[in-house]
Amino acid sequence: MAWSISYHTKAVEVFVLGLPEGLLARYLRLTDLMIEFGANLGMPHTRAMSDGLFELRIKGREGIARVFYCTRIGQRIVMLHGFVKKSEKTPPEELKKARMLLAEVKKS
């Protein structure tokens, strides 16, 4: 059975679709692989962040983007939050926001 991908909010979907061409192409390729093989593609494509939070690591000539996601029962992947990286480390406020959204999804 294939996995499915949904977006926690419309804002996440808008962010993803608004990525520069190269990053969007990479995102679409990685999500196709996730649908076929599951949520954990392993490094360098995905990374577990803790407590069921994962990041999709997108890199292209336009830069680097990250999309945080979680998995749900029934082979569902929920995209929670995304941002374009401007520094080497993930900004703490982006990680905090993703963890807050994860908590929301876990409650529902």
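Residues numbered from 1 in each chain as written. Predicted model: local features only at pLDDT ≥ 70, side-chain atom pairs only at ≥ 80, totals over all residues. Heavy atoms only, no water.

Caption draft 1: A look at the pairing of strand S4 (residues 63-72). The pairing of strand S3 (residues 53-60) with S4 spans seven bridges and is antiparallel. Residue pairing for S4: Lys-59 is matched across the bridge by Ile-64. Between S3 and S4, which follow one another and run antiparallel, lie two residues. Across nine bridges, the pairing between S4 and strand S5 (residues 76-85) is antiparallel. In the strand pairing of S5, Cys-70 is matched with Val-78. Linking S4 back to S5 in an antiparallel pair, the connection comprises three residues, with Gly-74 at a positive phi of about 90 degrees. (Pairing = 2+ DSSP bridges. Helix = DSSP H or I, 4+ residues; strand = E, 2+ residues; numbered from the N terminus.)

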